[in-house]
Amino acid sequence: MNPVAGSPVRIEAFLDPRLSRWLWLVKWLLAIPHYIVLFFLWIVFFFVTVVAFFAILFTGRYPRSLFDFNVGVLRWNWRVGYYAHAALGTDRYPPFTLAEVTDYPAHLDVAYPERLSRGLVLVKWWLLVIPQYVVVAMFVGDWGWSWGEMDRWHGGGLLYFLSFVAVVILAFTGRYPVHLFDLLLGLARWVARVAVYAALMTDVYPPFRLDMGPQETPPPLTKSSASGSGGSGSVSGGSGP
């Protein structure tokens with residue numbers, strides 16, 4: 001994986017070529033099994049991060065197996081979010097796996113850091129990232145990327161409001177607004193970069209910028225995911241779920 005502009009976090013997603021006009025009304029219900037699994041995965045994510053904190057503090061390294069697990073949780077969470085509430089850009093049900101699924105239309109990866117600062121680990125997750133927390137709070141409201149709270153609804157945010165606007169437009173016009181989709185992907189990337197930094201998985205401070213569009217530059221995570229995914233042209237909706 002080649003990070004974009006120095007960022008170790010990579011998010012890509014592609015609109016289905018034909019989205020249902022109305023399936024979005026029940027996706028949150030269909031995704032309940034995923035929410036239950038993610039609830040427990042985020043609890044494990046928290047304890048894994050605590051273990052990683054001490055490993056980094058004493059060795060300067062994030063244990064690779066723990067890192068891969070946490071990336072898997074973030075990846076699973078992104079697929080469910082993309083399907084059910086954060087963009088609603090696919091009607092394909094998310095797979096129950098931590099692994100990368102190359103033919104699924106939503107992808108997330110994080111470059112593994114060979115070394116991490118033992119000093120930064122003491123302050124980056126609670127002090128240095130405070131300005132980013134303020135921005136992310138506006139994006140996601142009280143439904144955040146925080147450990148153990150990922151799938152509890154407490155209040156709205158810009159990301160979810162814009163997702164709702166997009167699917168309402170889809171319902172009435174049969175077309176998902178592409179420019180709004182590009183903006184939603186930019187917001188999701190921003191949130192993911194902050195989550196990865198706060199979870200001690202990188203020393204690269206999240207940039208204060210939107211990288212919009214379905215793909216980041218350089219090209220996609222894998223050749224197979226690139227060839228099996230659609231572009232971001234105008235998308236027509238179906239007649240029903």
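Since the model is a prediction, treat every value here as computed from it, not as a measurement.

## Things to note about the overall build of the protein
For the protein, the helix and strand inventory stands at eight helices and five strands. If you take every contact in the protein between residues at least 6 apart in sequence, the share linking residues at least 24 apart comes to 74%. Approximately 10,400 Å² of the protein is accessible, and the part contributed by carbon and sulfur atoms is 69%.

## Side note on the side chain of Thr202
Considering the arrangement of structural elements, one finds Thr202 in the loop between helix H7 (178-198) and helix H8 (223-227). According to the relative accessible area criterion, Thr202 is buried, its value standing at 5%. Sequence-distant contacts of Thr202, defined by excluding residues within four places in its chain, comprise Pro8, Leu116, Lys124, Val196 and Tyr197.

## Looking at helix H6 (residues 158-173)
Here H6 is 16 residues long and its end C-alpha atoms lie 22 Å apart, about the 22 Å a rise of 1.5 Å per residue gives. Those residues of H6 that fall on the buried side of the exposure criterion are Leu159, Tyr160, Leu162, Ser163, Ala166, Val167, Leu170 and Ala171. Directly beyond the C-terminal end of H6, a positive phi value near 80 degrees is found at Gly174.

## Focus on the pattern of salt bridges
Overall, the coordinates contain 10 salt bridges when judged by the stated rule. Among the salt bridges present, the one from Arg209 reaches Asp211, with a minimum N-O distance of 2.9 Å. Put simply, Arg75, Glu100 and Asp109 are held in one network by salt bridges that share partners.

Reading the values: the criteria
Here, residues in each chain are numbered from 1, in the same order as that chain's written sequence. A pLDDT threshold of at least 70 governs which residues receive local features in this predicted model, and a stricter bar of 80 or more applies before side-chain atom pairs are shown or counted, although totals over entire chains, interfaces and linings include all residues. Excluded from the side-chain calculation are hydrogens and water; included are all heavy atoms of the structure. Helix and strand assignments follow DSSP, with helices taken as H or I runs no shorter than four residues and strands as E runs no shorter than two, numbered in order from the N terminus. Contact definition: two residues touch when any of their heavy atoms are within 4.5 Å. Note on areas: Shrake-Rupley with a 1.4 Å probe; residue coverage comes only from the protein chains shown. Only protein chains enter the accessibility calculation, which uses a 1.4 Å probe; a residue is then buried when its area is under 20% of its type maximum, exposed when over 50%, and partly exposed in between. Expected helix span is given by 1.5 Å per residue-to-residue step, counting one fewer step than there are residues. We count a salt bridge whenever a side-chain nitrogen from Lys or Arg sits within 4 Å of a carboxyl oxygen from Asp or Glu.

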